[in-house]
Amino acid sequence: MNVDVIVIGAGAAGLMCAASAAKRGRKVIVLDHANKPGKKILMSGGGRCNFTNLDIRPENYLSQNPHFCKSALSRYTQWDFIALVDEHGIPYHEKTQGQLFCDNKASDILNMLLEECHRANAAIHTSCAITQIQKDEHFQLETSLGHFSCDSLVIASGGLSIPTMGATGFGYQLAQQFGLHCLKTDAALVPFTLSDKNQHLAKSLSGLSLKVNATSKTKNFIDDLLFTHRGLSGPVILQLSNYWQLGESIEINLLPTQDIPTLADNWKQEKTKKELTSLLSHHLPKRFIQQYLSELCGFDLTKTISSYSAESIEQLSKHIHHWSITPSGTEGYRTAEVTSGGVNTDEISSKTFEAKKVPGLYFIGEVLDVTGWLGGFNFQWAWSSGWCAGQYV
Ligand SMILES: Cc1cc2nc3c(=O)[nH]c(=O)nc-3n(C[C@H](O)[C@H](O)[C@H](O)COP(=O)(O)OP(=O)(O)OC[C@H]3O[C@@H](n4cnc5c(N)ncnc54)[C@H](O)[C@@H]3O)c2cc1C
């Protein structure tokens, strides 16, 4: 079968590209090896899909070339996607920090994209293994569903995160087959693992969440931290993981809204007879105070506030405001939300998403070296890059 455009990958970027190209009258088919389209959309945002953010900026993306994402993000914006969501009557709400989630289910977003493809006559073929791609005058594809050829081939096969959902290195291998350079990939937006006493602490506090201020060598975020059986997770850790390298330590302010020396002065002035542990429990969970300050740090909290010297309060302040830990690693692609690195954007036109060296070959979405922060930024990249490529394929 010969068509104008073949999109490989029926995920966020691929479906958006297919619908927008088909609306231009191009004959489009989408091929995916998974048995269903849009699996990651369905599992995103805890099943409610954080589909964009009200405040999308290029600074929310990591890439070797931080300018690459600017053009697409400004040509197909969050407002364009929100207008599409409105047109389909999908109810949504802002959860926090501009993050927009479906009121009902993530399937609302997937169904909207499938409907857009259907209306424009873009056909989607799932359970299709692509075995060989070659280029002569056209791209020639050998697949488990037979032979296909096309003028424009769009690679929207995503990154390596969550292999059980169908993630593969297909896009990187294809880029290399056509002589394009790929940058080292890594698991991103991913929980940290800990070792020794810190891992023991995390395990014993598993399920507990605190609002903290966490700092890596280059970046700082304020959000929730979640203790897990393996280490640390929660939005603040996922954000920081994008900026963290193995071997680096991170510093966590476990009580960013208060200052321990000031609190201690106030308690002393009140001449309270309560134990320090009881005073602290107004600000931190008791379980955390016990496991972290008493057991891990060995800080005696059983005395009344007047018994603590300035040095002891300084020590307590250090434990609470400057907890320094070195993660032993991350949970890797198994649980990472995205993959950092990928097809080098130097190889790709930021306007059309066509490979500069290979006319007719396009790369969009996560397969490219563009990684967004947590909060709807990665989907917006998929929508923006997919829509822009759809105007040129
Ligand atoms: C658990 C989880 C939650 C997330 N939540 C959010 C969120 O709320 N908000 C947000 O912005 N981002 C979120 N993300 C990130 C977001 O899902 C991705 O950034 C986005 O899906 C990338 O879109 P894509 O189209 O480039 O790739 P994908 O959506 O991954 O689509 C790639 C498609 O290519 C197919 N494919 C792969 N290899 C082959 C092959 N060899 N042959 C044929 N087909 C192939 C796959 O089956 C898949 O359908 C989340 C990710 C995860 C894992």
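Residues numbered from 1 in each chain as written. Predicted model: local features only at pLDDT ≥ 70, side-chain atom pairs only at ≥ 80, totals over all residues. Heavy atoms only, no water.

## Concerning the overall build of the protein chain
Keep this limit in mind: Helix and strand definitions follow DSSP, with helices as H or I runs of at least four residues and strands as E runs of at least two, each counted in order from the N terminus. Each residue gets one of three labels from its accessible area relative to the maximum for its type: buried under 20%, exposed over 50%, partly exposed in between, using a 1.4 Å probe on protein chains only. Only heavy atoms enter the contact rule, under which two residues are in contact if any of them lie within 4.5 Å.
Secondary structure assignment for the protein chain yields 13 helices and 21 strands. The principal-axis extents of the C-alpha atoms in the protein chain amount to approximately 85 × 40 × 35 Å. Counting the 393 residues in the protein chain, one finds 53% classified as buried. For the protein chain, contacts bridging at least 24 residues in sequence account for 72% of all contacts bridging at least 6.

## Some points on the site of the ligand
Put simply, the test is: By convention in this text, a residue qualifies as near a molecule or strand provided that one of its non-hydrogen atoms is within 4 Å of it. Think of a polar contact as two N or O atoms within 3.5 Å of one another; within protein, one of them needs to be a possible hydrogen donor and the other a possible acceptor, and neighboring residues in sequence only count if both atoms come from side chains. All accessibility values rest on the Shrake-Rupley procedure with a 1.4 Å probe; residue burial counts only the protein chains present in the view.
Near the ligand you find 31 residues, and of these Ala13, Asp32, Thr168, Glu366 and Phe379 are the closest. Ala12 places a polar main-chain atom, nitrogen or oxygen, 3.1 Å from an oxygen atom of the ligand. Within the backbone of Gly45, an N or O atom sits 3.1 Å from an oxygen atom of the ligand. Against a free-state accessible area of 1,000 Å², the protein chains account for coverage of 93% of the ligand. Among the secondary structure elements, those contributing two or more residues to the shell around the ligand are α1 (12-23), α2 (39-43) and α13 (377-390).

## Remarks on the state of the cysteines
One covalent bond between the sulfur atoms of two cysteine residues makes up a disulfide. Let me state the cut-off plainly: In plain terms, two cysteine sulfur atoms within 2.5 Å form what is called a disulfide here.
Inspection of the entire model under this criterion finds zero disulfides. For the unlinked cysteine Cys117, the closest cysteine sulfur is that of Cys17, found at 9.4 Å.

## Focus: the environment of Leu255
By the secondary structure assignment, Leu255 is in the loop between β16 (250-253) and α9 (260-270). Judged by its relative accessible area of 5%, Leu255 falls in the buried class. Sequence separation of Leu255 and Ala175 is 80 residues, and the distance between their C-alpha atoms is 46 Å. The contacts of Leu255, once residues within four sequence positions are left out, are Ile260, His283, Leu284, Ile320 and His321.

## Overview of the pairing of strand β6 (residues 99-102)
Stated formally: For two strands to be treated as a pair, DSSP must find no fewer than two bridges joining them.
Burial along β6 is two-sided: the face carrying Gln99 and Phe101 and the face carrying Leu100 and Cys102 are both buried. Where strand β3 (residues 50-53) and β6 come together, three bridges link them in antiparallel fashion. Bridging across to β6, Asn50 finds its partner in Phe101. In this structure, the hairpin formed by strand β5 (residues 92-94) and β6 is closed by a connection of four residues, where Gln97 is found at a positive phi of approximately 45 degrees.

## Observations regarding the sheet that holds strand β12 (residues 192-193)
Selection criterion: Comment: axis = line fitted to C-alpha atoms, over the contacting stretch for helices; angle = value between 0 and 180 degrees taken between N-to-C directions.
One open sheet holds the seven strands; their spatial order is β17-β16-β13-β14-β15-β12-β18, and the pairing between them is antiparallel. Both outer strands of the open sheet, β17 (323-325) and β18 (329-330), are each paired with one neighbouring strand and no more. Of the pairings in the sheet, the one linking β12 to β18 comprises two bridges and is antiparallel in character. Counted as the bridge partner of Thr193 is Gly329 from β18. Where helix α7 (residues 196-204) meets the sheet, it contacts β14 (220-227), β15 (231-233) and β17, and its direction lies at approximately 115 degrees from that of β17.

## Details of the packing of α1 against α13
Here is the rule we go by: Angle categories: roughly parallel below 35 degrees, roughly antiparallel above 145, roughly perpendicular from 65 to 115, and oblique for all the rest. Each crossing is labelled by how the near helix is turned from the far one, with a counterclockwise turn of less than a right angle marking it left-handed and a clockwise turn marking it right-handed.
Viewed as axis vectors pointing N to C, α1 and α13 meet at an angle of 30 degrees, and their least axial separation amounts to 7 Å. Between α1 and α13, the crossing angle belongs to the class labelled roughly parallel. Regarding α1 and α13, the two cross each other, and that crossing is right-handed. Contact residues: Ala12, Ala13, Met16, Cys17, Ser20 and Ala21 in α1; Phe379, Ala382, Trp383, Gly386, Trp387, Ala389 and Gly390 in α13.

## What to know about the domain arrangement of the protein chain
To be explicit about the condition: Annotation comment: domain bounds sourced from an automatic or database domain assignment. Once two parts are put together, the accessible area they lose, assessed with a 1.4 Å probe and summed over both, is termed the buried area. Note on definitions: salt bridges are taken to be side-chain nitrogens of Lys or Arg within 4 Å of carboxyl oxygens of Asp or Glu. Classification used: nonpolar for Ala, Val, Leu, Ile, Met, Phe, Trp, Tyr, Cys and Pro, charged for Asp, Glu, Lys and Arg, polar for all others including Gly.
Per the domain assignment, the segments of the protein chain are domain 1 (2-188 + 337-390) and domain 2 (191-330). Look at where the C-alpha atoms of domain 1 and domain 2 centre, and you get two points 39 Å apart. Contact residues are listed per partner, giving ten residues for domain 1 and eleven residues for domain 2. Between domain 1 and domain 2 lies a buried interface of about 790 Å² when both sides are counted; carbon and sulfur atoms form 52% of it. Considering only the side of domain 1, the residues that lose the most area to domain 2 are Leu62, Trp373 and Leu374, jointly responsible for 61% of the buried surface there. Summed over the shared surface of domain 1 and domain 2, the result is zero salt bridges. Summed over the shared surface of domain 1 and domain 2, the result is three residue pairs in polar contact (both at pLDDT 80 or more). Class assignment of the residues belonging to the side of domain 1 that touches domain 2 gives a composition of five nonpolar, three polar and two charged.

## Let's talk about unusual backbone geometry
With the exception of glycine, most residues fall at negative phi, and the peptide bonds are largely trans. In this model, Gln97 sits at a positive phi of 45 degrees, which is unusual for a non-glycine residue. The residue Gln97 is located in the loop between β5 and β6 in this model. Given a relative accessible area of 48%, Gln97 falls into the partly exposed group. The residue Lys271 is not glycine, and still its phi comes out positive at about 55 degrees. Mapped onto the elements, Lys271 comes out in the loop between α9 and α10 (276-280).

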